[in-house]
Number of protein chains: 2
Amino acid sequence: MSYDTDIFNALRHRLMTNGFEHGQKVRAEHLRLEFGCSASTIREVLFRLSTIGLVEFREQRGFRVPEQSRALIHELTHLRVLLEAEGTAMSIRRGGVAWEARLTAAHHQLSHLEMRLQSARDTAPFVDLWFDAERHFHETLISACGSDALRDTHQQIYCRFRQQLMIEDRAFDFISENIRHHQQILDAAMAGDEALTRQKIHDHLARHLITDAQVEPA
Amino acid sequence: MSYDTDIFNALRHRLMTNGFEHGQKVRAEHLRLEFGCSASTIREVLFRLSTIGLVEFREQRGFRVPEQSRALIHELTHLRVLLEAEGTAMSIRRGGVAWEARLTAAHHQLSHLEMRLQSARDTAPFVDLWFDAERHFHETLISACGSDALRDTHQQIYCRFRQQLMIEDRAFDFISENIRHHQQILDAAMAGDEALTRQKIHDHLARHLITDAQVEPA
DNA sequence: TTATGATGGAATTTCGAAATTTTCAGAGTT
DNA sequence: AACTCTGAAAATTTCGAAATTCCATCATAA
C-alpha cells in the first residue's frame, strides 16, 4: 500500500469524524511532520480532498476545513435523498435475495448497536462503531444499484454531509427516532415498495432540511 | 493565477474534448516537458482529475484515460438526467425573470450555432464553439437551483459524460434532433411546467441510455 | 516453440531545499 | 485609540534529483 492512499484515507476519515474544527486551517507543514513525509505528498492528498469538497483550497493561502453552514447541510441532504432514494429503488429492482440478505445483516448490526447505545451511560466508546455501522447500512441500501458512478457520487456527498454534521449533531439525541426510521426503511425495501422506500429515506433525513417556515419565520 | 489551476483547467478541457484517446496512458513525464513545470506539479493535477474520475490512477502504474464503455455512458447519463431534471425544476421554482432571460439567451446562442452547423459543409471549425454553447445551455438550466453542491456535482458528471462520448459521438449526426430537443426543453421551462421539463430533459438524453431491449436482444 | 529469467531504459514516487508569499506582532504616526 | 508600516517568522509553492518500480526486449533453457 502506498503512502499517498494511506494518508488520503486517514485524513478523509479524520475530516468526517471530529479530527478538525470547522473553518480551521489545515497546515500542510504540520501534517508533514505528523505523517513523517514530505510537503509534496501532503499537498497531493489535500488537493484530492479539495476536489471532493472535504477541504477548501485558496491560492497561496493553503487549505482549510469548510465552515459549518445550515444552507450547505440542506443542500447535501437534498442531494443525499436524491441519490440514495434512486439507488435504493434500483437495488430493489435488481438486487435479488443476495442484496436482501446483506441489507438485513447490515440493519441487524446497526440496530443492535443502537439498542445498546440507547441504554448506555457513556456513549463515547460507541460513537466510532455507530458511525461505521450507519454508513455501512446506507451504503448497502444502494449497493445493488448497478452503477459505480452513482455509488461514487453518493459517497462523496455522504462524506461532506457527515463532515458538516459531526460537531453539531449529537448522535444520541435522535437514537430512538433513528431506530424507527431505519426499521421503516428496511421494511419498505424488503417489501419491494419503491415509492414507500423513497418516502422513508426522505423522512429519515428530513430534519436536516430547511423548511420554508424556517427560512421565513413569521 | 497559479500554475496548478491553469494546468488543471487545461487538462480537464483536453480530457473532455478530443485531446486524449480512451485508455491511453497519461505520462506525467511528457506533460512535465510540455507544460515546462516539475513532475510534482503535474502529479498534483492528475490526482485532482482522478478524484473526479476524469483519469484513473493505479499505484506505481501512473494515470490513464478511462476506457470508453456503453455501461458507463449509461450510468453517467442516468445521473445527468437525475441531477439536471432536479436542478432545472428548482430553477423553475425560484429562478424568476432573470433566470428566464439568461436561459433564453443561452438557447438563442446555441440554436443559432446549430442552424449554421446544419448547413455548413465543414463542421470542424464549429465543434469547439458548439461544445461551449451546449454546455452553457445545460449549465444555465440548473444555474438558479440555489445549490452549489448540486451544480458542482452536475459539473463533475457532465465532464465525465462528455469525455466518454467525445470520440464516438459525432455531434452533427444528431443536430436536427438536438435542435428540436433544446427547443422543447426551453419551451417547457419557460411555461413553468416542471414535470414536462423533466420529461424533455430525459428524452433529450435517452438515446445514450441502454434499454432492456439492447441488454437482452431477443 | 514456449516458458522463464535477466537486463537496461523509462516512468513512478518521494524527498529536501530554494524561492515566493502570507501572516503577525510591534513600532511609529496621525 | 486607530491606522499604517516594517521586518521577522511561518507557510506556501515549485523545483530538480535520488530512489524505487515497472516494462519491453532479449537471452537462455526446457
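Residues numbered from 1 in each chain as written. Chains lettered and ligands numbered in written order. Predicted model: local features only at pLDDT ≥ 70, side-chain atom pairs only at ≥ 80, totals over all residues. Heavy atoms only, no water.

A. Broad picture of the overall build of chain A. Within chain A one finds ten helices and three strands. Starting at the N terminus, the α and β elements of chain A follow one another as α-β-α-α-β-β-α-α-α-α-α-α-α. Taken against the 2.2 N^0.38 rule, which gives 17 Å for 218 residues, the C-alpha radius of gyration of chain A at 19 Å falls within 12% of a compact globule. Overall, chain A is about 55 × 50 × 35 Å in size when its C-alpha atoms are taken along their principal axes. Each of the 218 residues in chain A was classed as buried or not, and the buried ones make up 50%. Intrachain contacts of chain A at a sequence separation of at least 6 include 76% that bridge at least 24 residues. Accessible surface, chain A as shown: approximately 10,500 Å² in total, 49% of it carbon and sulfur. Mean positive and mean negative side-chain charge positions of chain A (26 and 31 charges, respectively) differ by 4 Å. (Helix = DSSP H or I, 4+ residues; strand = E, 2+ residues; numbered from the N terminus. Rg over C-alpha atoms; globule rule 2.2 N^0.38 Å. Buried < 20%, exposed > 50% of the residue type's maximum accessible area, 1.4 Å probe, protein only. Contact = heavy atoms within 4.5 Å. Areas by Shrake-Rupley, 256 points an atom, 1.4 Å probe, with all protein chains shown as cover. Lys, Arg positive; Asp, Glu negative; His and termini not counted. Charge placed at Lys NZ, Arg CZ, Asp CG, Glu CD.)

B. Seen up close, the interface of chain B and chain A. The partner chain A presents 29 residues to the 29 residues of chain B that form the contact. Here chain B packs against chain A, burying approximately 2,600 Å² in sum over the two surfaces, 58% of which is carbon and sulfur. Linking chain B with chain A are two salt bridges, by the criterion used here. Two residues, B:E44 and A:R43, come together in a salt bridge whose shortest N-O distance is 2.8 Å. For the pair chain B and chain A, the number of links is 14 residue pairs in polar contact (both at pLDDT 80 or more). Broken down by element, the residue count for the side of chain B that touches chain A peaks at eight residues, all from helix α4 (residues 70-94) of chain B. Taken together, the residues of the side of chain B that touches chain A break down into eleven nonpolar, nine polar and nine charged. (Buried area = accessible area lost by both parts, 1.4 Å probe. Salt bridge = Lys/Arg side-chain N within 4 Å of Asp/Glu carboxyl O. Polar contact = N/O pair within 3.5 Å; in protein donor to acceptor, adjacent residues only side chain to side chain. Nonpolar A, V, L, I, M, F, W, Y, C, P; charged D, E, K, R; others polar.)

C. Quick look at the domain arrangement of chain A. All names here are of chain A. Per the domain assignment, the segments making up chain A are domain 1 (3-64) and domain 2 (70-210). The gap between the C-alpha centroids of domain 1 and domain 2 is 27 Å. Between domain 1 and domain 2, the residue contacts involve twelve residues of the former and twelve residues of the latter. Counting the surface lost from both domain 1 and domain 2, the interface buries some 1,100 Å², and carbon and sulfur atoms represent 61% of this. In terms of surface lost to domain 2, no three residues of domain 1 exceed M16, H22 and I52, which account for 51% of the buried area on that side. Run the count over domain 1 and domain 2 and you get zero salt bridges. At the boundary of domain 1 and domain 2, one finds two residue pairs in polar contact (both at pLDDT 80 or more). (Domains from an automatic or database assignment.)

D. Spotlight on the packing of helix α6 (residues 127-141) of chain A against helix α7 (residues 148-165) of chain A. All names here are of chain A. Two elements in contact, α6 and α7, have axes separated by 12 Å at closest approach and are oriented at 150°. The orientation of α6 relative to α7 falls into the category roughly antiparallel. Here α6 and α7 pass one another in a crossing that is right-handed. For the pair α6 and α7, contact is made by W130, F131, E134, R135 and E139 and by Q155, Y158 and R162, respectively. Considered class by class, the residues forming the contact of α6 with α7 number three nonpolar, one polar and four charged. (Axes fitted to C-alpha atoms, helices over the stretch in contact; angles between N-to-C directions. Parallel < 35°, antiparallel > 145°, perpendicular 65-115°, else oblique. Left-handed = near helix turned anticlockwise from the far one by under 90°.)

E. A look at the protein's contact with DNA strand C. Close contacts around DNA strand C come from 21 residues, with A:D4, A:S38, A:S40, B:F57 and B:Q60 the closest. Here, DNA strand C places atoms within 4 Å of the protein, and 77% of those atoms are sugar or phosphate. Between DNA strand C and A:S38 there is a distance of 3.0 Å, counted from a phosphate oxygen to a backbone nitrogen or oxygen. Take B:R43: an N or O atom from its side chain is 3.2 Å from a sugar or linking oxygen of DNA strand C. Of all the elements in the fold, those that place two or more residues in the surface near DNA strand C are α1 (3-16) and α3 (39-51) of chain A together with β1 (25-26), α2 (28-35) and α3 (39-51) of chain B. With three residues, α2(B) is the single largest residue contributor to the surface near DNA strand C. (Near = heavy atom within 4 Å.)

F. The arrangement of the state of the cysteines in detail. All names here are of chain A. Scanning the model with the defined rule gives zero disulfides over all chains in all. With no disulfide of its own, C145 lies closest to C159 among cysteine sulfurs, the gap being 16 Å. Look at C145 and you get buried, because its relative accessible area is 2%. (Disulfide = S-S within 2.5 Å.)

G. Quick peek at the environment of A:N18. Structurally, A:N18 is set in the loop between α1 and β1 (25-26). Taking the C-alpha atoms as reference, A:N18 lies 17 Å from A:E34; in sequence the two are 16 residues apart.

H. Fine view of the relation of the copies chain B and chain A. Superposing chain B onto chain A takes a rotation of 180° combined with a translation of 0.0 Å along the rotation axis, leaving an RMSD of 0.0 Å. One copy is carried onto the other by what is essentially a two-fold rotation axis. Most of the interface of chain B is mirrored in chain A: 100% of its interface residues are interface residues there too. (Least-squares fit on C-alpha atoms with pLDDT ≥ 70 in both.)

I. Here's a closer look at the sheet that holds β1(A). All names here are of chain A. Here we have three strands laid out as an open sheet, ordered β1-β3-β2, and antiparallel in their pairing. Taken across any chain shown, the strands that pair with only one partner, and hence form the sheet edges, are β1 and β2 (56-58). Sitting on the sheet, α3 touches β1, β2 and β3 (62-64), and the angle it makes with β3 is about 50°. (Pairing = 2+ DSSP bridges.)

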